[in-house]
Every structure is written in C-alpha cells, then in structure tokens.
Amino acid sequence: VERRHLMRHFGAELHLFRADRGYATGIDMAEEMAARDPRVFLPRQFANPLNAQDHVDHTSREILAQLPGRIDAFVSGYGTGGTLNGCSRGLRAAHPALKVVAMEPAEAAMLSGESPCCHHIEGVAGGYLPPLLRGVHVDWPEKVASADALTMTRRLARDFGLLVGTSSGANVVAALRTAQRLGPDARVVTILCDRAERYYSTRLFCEGGGVSAAPPAGG
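Notes on the structure follow. (Residues numbered from 1 in each chain as written. Predicted model: local features only at pLDDT ≥ 70, side-chain atom pairs only at ≥ 80, totals over all residues. Heavy atoms only, no water.)

**What about the overall build of the chain?**
The line we're drawing: The way it works is that DSSP assigns letters per residue, a run of H or I at least four long becomes a helix, a run of E at least two long becomes a strand, and they are numbered from the N terminus. With C-alpha atoms as the basis for the radius of gyration, the globule rule is written as 2.2 Å multiplied by the number of residues raised to the power 0.38. The criterion used for residue contact is that any of the two residues' heavy atoms lie within 4.5 Å. A 1.4 Å probe and the Shrake-Rupley method give the accessible areas. Residues count as covered only by the protein chains that appear here.
On a plain count of helices and strands, the chain comes out with six helices and four strands. Taken from the N to the C terminus, the helices and strands of the chain come in the order α-α-α-β-α-β-β-α-α-β. What you see for the chain is a C-alpha radius of gyration of 18 Å, in line with the 17 Å of a compact globule of 219 residues. Dimensions of the chain, computed from the C-alpha atoms along their principal axes, are close to 55 × 45 × 35 Å. Pairs at least 24 residues apart make up 69% of the contacts formed inside the chain by residues separated by at least 6 positions. If you sum the accessible surface of the chain, you get close to 12200 Å²; carbon and sulfur atoms cover 55% of it.

**Brief notes about the pairing of strand 1 (residues 73-77)**
Spelled out, the test is: Summary of the burial criterion: residues with accessible area below 20% of their type's maximum are buried, those above 50% are exposed, and those between are partly exposed, where the area comes from a 1.4 Å probe applied to protein chains only. Two strands make a pair as long as DSSP finds a minimum of two bridges between them. Looking down the strands as they point away from you, a crossover is right-handed if its path from the first strand over the helix to the second goes clockwise.
Among the five residues that make up strand 1, five are buried, leaving the element largely enclosed by the rest of the structure. Here strand 1 shows a buried face lined by Ala 73, Val 75 and Gly 77 and a second buried face lined by Phe 74 and Ser 76. Both strand 1 and strand 2 (residues 99-105) contribute to a ladder of five bridges, which runs parallel. By the bridge assignment for strand 2, Val 75 is matched with Val 101. In this fold, strand 1 hands off to helix 4 (residues 82-94), which returns the chain to strand 2; that crossover is right-handed. When strand 1 meets strand 4 (residues 188-190), the two strands line up parallel, connected through three bridges. Along strand 4, the bridge assignment pairs Phe 74 with Val 189.

**Comments concerning the packing of aromatic side chains**
We count it as follows: Pairing of aromatic side chains here covers Phe, Tyr and the six-membered ring of Trp, requires ring centres within 6.5 Å, and sorts the geometry by plane angle: under 30 degrees stacked, over 60 edge-to-face, intermediate tilted.
Within the structure shown, the criterion is met by one aromatic pair. With a centroid separation of 5.0 Å and 75° between ring planes, the pair formed by Tyr 200 and Phe 205 is classed as edge-to-face. Residue Tyr 200 is classed as partly exposed on the basis of its relative accessible area of 45%. Taking relative accessible area as the criterion, Phe 205 reaches 36% and is therefore assigned partly exposed.

**What to know about the packing of helix 3 (residues 49-66) against helix 4**
Where we set the bar: Axis angles are defined between N-to-C directions and span 0 to 180 degrees, where every axis is a line fitted to C-alpha atoms and, for a helix, only to the segment in contact. An angle counts as roughly parallel when it lies under 35 degrees, as roughly antiparallel when it exceeds 145, as roughly perpendicular when it falls between 65 and 115, and as oblique in every other case. A crossing counts as left-handed when the near helix is turned anticlockwise from the far one by less than a right angle, and as right-handed when that turn is clockwise. All amino acids are sorted into three groups, where Ala, Val, Leu, Ile, Met, Phe, Trp, Tyr, Cys and Pro are nonpolar, Asp, Glu, Lys and Arg are charged, and the leftover types, Gly among them, are polar.
Running from amino to carboxyl end, helix 3 crosses helix 4 at an angle of 50°, the nearest separation of the two axes being 7 Å. Classified by the angle between their axes, helix 3 and helix 4 sit oblique to one another. Every pair of crossing elements has a handedness; the one defined by helix 3 and helix 4 is right-handed. Where helix 3 approaches helix 4, its residues Asn 51, Ala 52, Gln 53, His 55, Val 56, Thr 59, Ser 60, Ile 63 and Leu 64 are matched on the opposing element by Gly 82, Thr 83, Asn 85, Gly 86, Cys 87, Arg 89, Gly 90, Leu 91 and Ala 94. The residue makeup of the contact of helix 3 with helix 4, split by class, is seven nonpolar, ten polar and one charged.

**A few points about the state of the cysteines**
We apply this condition: Any two cysteine sulfur atoms within 2.5 Å of one another count as a disulfide.
Counted under the stated rule, the structure contains zero disulfides. Of the cysteine sulfurs around Cys 87, a residue in no disulfide, the closest is that of Cys 193, at 11 Å.

**Quick notes on a nonpolar patch on the surface**
In plain terms, the rule: Note on patches: the residues involved have over 30% relative accessible area and no salt bridge, like charges join within 9 Å, and the nonpolar side chains Val, Leu, Ile, Met, Phe, Trp and Tyr join within 5 Å. Each reported salt bridge corresponds to a side-chain nitrogen of Lys or Arg within 4 Å of a carboxyl oxygen of Asp or Glu.
Residues Phe 160, Leu 162 and Leu 192 make up a contiguous nonpolar surface patch of about 270 Å² in total accessible area. Mapped onto the secondary structure, Phe 160 falls in helix 5 (residues 146-160).

**Quick look at the nonpolar core**
Most often, soluble globular proteins have nonpolar side chains that are buried together. Which entries qualify depends on this criterion: Joining through side-chain atoms within 4.5 Å is the link that ties buried Ala, Val, Leu, Ile, Met, Phe, Trp, Tyr and Cys residues into a set, and such a set is a nonpolar core.
In this structure, Met 103, Val 144 and Ala 170 are the most contacted members of the largest nonpolar core, which totals 16 residues. At the level of elements, strand 2, strand 3 (140-144), helix 5 and helix 6 (166-182) are the ones that each hand at least two residues to this core. The leading source of residues in this core is helix 6, at five residues. Other than its neighbours up to four places away in sequence, Ala 170 contacts Met 103, Ile 121, Val 144 and Ala 149. Ile 63, Ile 71, Val 189 and Ile 191 belong to the second largest nonpolar core, which has 14 residues in total.

**Focus on the sheet that holds strand 2**
Taken in spatial order, the four strands of this open sheet run 3-2-1-4, and their pairing is parallel. Of all strands in the sheet, those bounded by a partner on one side alone are strand 3 and strand 4. Pairwise comparison of adjacent strand axes, ignoring direction, gives a mean angle of 25° for this sheet. On top of the sheet, helix 6 reaches strand 1, strand 2, strand 3 and strand 4; it is set at about 125° to strand 3, its chief contact.

Next comes the structure, spelled out in structure tokens:
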C-alpha cells in the first residue's frame, strides 16, 4: 500500500493484478504493454546487465573501502539478482576465495530445487529465478524461514536502532549462520537493503509480532 501511494504521488497510473505466477505475471504484462505502445519503456531490472554492473562499480567498492583486509563471505537474497551478481563479481575480484551465499525464503527455496510457495519476506524470491542470476557462482543457498526473518527484523529495530525491511532481517539470519559455519574468525558481509517505512501495512508491524493470515508476498 505504501508503494502505491508513492507511485501515485509521482503521477503514476497503477495497474493492479493478481500475481498468480509471482514476478513473472507483472513482467509478462509489461512486455505486452510495450508491444502495444511504443511509448512504454522497459528498464528490464531482472535482466538488464547495468543493474548488476552498478553493484560492481559502486556497492562492492564501498564494501571494500569500509572493510579493508580479508572478506570470507558475502550473503544476500535475490529479487532482481543484481546485488548478488554484481557484489559477488566485485568482491571476488579482490578476494578470489570469497564464498557467495544466496539467502532465500525456506518456503520458496528455488535455488535449493524446491517449488516456490507463499512466504512473508517481501522483495525476494518472487516465484521467479531472474536472468541476472545465470552464471553467478553461488557456493550454497541458505534457507531462512519467514518467522525467523520477522523476528530478526524486529530485533534489529529494537536492539540496534536499524529500521529495515524483512529481507534485511533474513539476510542477517543467513549471515550469522554463515559466520557460524565458517568459524569464529570469519569476516562475513551482508546487505541491509530496504527501509521499514515501506512496510507499515505488512505483517512486520502486526500487533503481537506474529505472522498474520494476510495474503502471501506477491499475492
């Protein structure tokens, strides 16, 4: 709902639809609109190589500047795949032995070979493996349950003052597990990629802190 308000505030005309096939539903609709109307521009965020290249040129360099010395692992979820693609390439150029770990919802663990289902980690694994993930060497996927992601997201706000979205909480859960797996001296990097103001109407802010019976992400 918050994103709808923002887009309308910028003057956008919204076309709401039922996401029966996750992200793919909206992608196909956009392609059909572009085929009918030459004024429609498609950024193609799931396939555009400039998406990933931006993370090579900027995000990974910022990480390297902030964390000099050895980096053992990079952990991130995937929506468009751009962050995981670009950061893994940029960081591996400096640290060839870097482990790349893909966080994915336990309920939609597609990289683990499972069928996507409903989950409550907005912005990731929308029932769709983006083209930008092709060719990315992922050392292993780390499955995070929605309940664990929500718990960590609330903890980040209340204990550390980090007002972030649920995918950020899931990334932290996956990063902590990766650090435990690699040992006490491991240096693990992850991304807190979104702000919680976009999620006031979601289960992240439900009274009592539990997972609600609201429709699944993308529904």
